[in-house]
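# Results of the structural survey
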Amino acid sequence: CQIDAFINWHIYLPGVKEEKVIYDSFFRDGDTISVLTISDFNSLKKIKKINNFEAISSENIRTIQNNLLNFYNGLGQFKGIDGKEAYNQNINTEQLLSTNNYYLMKKKNQNKSYILLILDTEDKKIYSFIRII
């Protein structure tokens, strides 16, 4: 994911020590949900700064919530795995939308394809939601 994120979306993720793929229906197009664990607080600050993550605030929380809901609603089944079920078991939307967290969203292909990253400062994790159409 680190290499894909950098090449495809021009996002640099130094200090990521682990990637856990929660759901992946990607074959030319599709959806991927991943959780990246960041090695330390300095890496977290560096990732936030070099990629221009924005703080989650009362002004933008509704937009981020809607983007997560749209992503969720588009999830389907792939190789016997239900995307919505995988999301529900692994993603705590309320925790992600904490105002201690940061987010980054990039879009392509007339805004149909996108990546949404949420940086959880408390758990030192990045939640990655990618939709390619």
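Our subject is the structure that appears above.
Here's what I pulled together on the structure shown here. (Residues numbered from 1 in each chain as written. Predicted model: local features only at pLDDT ≥ 70, side-chain atom pairs only at ≥ 80, totals over all residues. Heavy atoms only, no water.)

### Re the pairing of strand S2 (residues 30–38)
This is how it is decided: Exposed residues in this analysis have more than 50% of their type's maximum accessible area, buried residues have under 20%, and partly exposed residues fall in between, with area computed by a 1.4 Å probe over protein chains only. The way it works is that DSSP assigns letters per residue, a run of H or I at least four long becomes a helix, a run of E at least two long becomes a strand, and they are numbered from the N terminus. DSSP bridges decide pairing: two strands pair if at least two such bridges lie between them.
For S2, a buried count of nine out of nine residues is recorded, marking the element as mostly surrounded by other parts of the structure. Here S2 shows a buried face lined by Gly30, Thr32, Ser34, Leu36 and Ile38 and a second buried face lined by Asp31, Ile33, Val35 and Thr37. Here seven bridges tie strand S1 (residues 16–24) to S2, and the two strands are oriented antiparallel to one another. Within S2, the residue paired with Val21 across the bridge is Ser34. The pairing of S2 with strand S8 (residues 125–132) spans eight bridges and is antiparallel. Bridge assignment links Leu36 to a residue of S8, and that residue is Ile126.

### Concerning the layout of surface pockets
The cut-off we apply is this: The pocket and cavity definitions rest on a 1 Å grid over protein atoms only: a 1.4 Å probe that fits but cannot leave marks a cavity, an open set with protein on both sides within 12 Å along at least five of seven lines marks a pocket, and residues lining either have an atom within 4 Å of a point. Grid points are joined across faces, edges and corners, and a volume is the space filled by probe spheres set on the points. Following the grouping adopted for this structure description, the nonpolar residues are Ala, Val, Leu, Ile, Met, Phe, Trp, Tyr, Cys and Pro, the charged ones are Asp, Glu, Lys and Arg, and the polar ones are all others, Gly among them.
The space that makes up the largest pocket amounts to roughly 360 Å³. Residue lining of the largest pocket: 16 residues in total, with Asp4, Asn8, Phe26, Thr32 and Ile130 positioned closest to the centre. At the level of elements, helix H1 (2–9), S1, S2 and S8 are the ones that each hand at least two residues to the lining of the largest pocket. Per-element accounting of the lining of the largest pocket gives the leading share, four residues, to H1. Of the residues belonging to the lining of the largest pocket, the class tally is seven nonpolar, five polar and four charged.

### As for the side chain of Thr32
When you line up the elements, Thr32 lands in strand S2. For Thr32, a relative accessible area of 13% gives the class buried.

### Observations concerning the nonpolar core
This is how it is decided: Note on terminology: a nonpolar core comprises buried Ala, Val, Leu, Ile, Met, Phe, Trp, Tyr and Cys residues joined through side-chain atoms within 4.5 Å.
Core analysis: the biggest nonpolar cluster contains 21 residues, and Ile33, Leu68, Leu75, Tyr87, Ile91, Ile118 and Phe129 have the highest contact counts within it. Of all the elements in the fold, those that place two or more residues in this core are S1, S2, helix H3 (61–74), helix H4 (83–90), strand S7 (113–120) and S8. At four residues, H3 tops the list of elements feeding residues into this core. Listed in part, the 16 residues of the second largest apolar core include Ala5, Ile11, Ile115 and Leu117.

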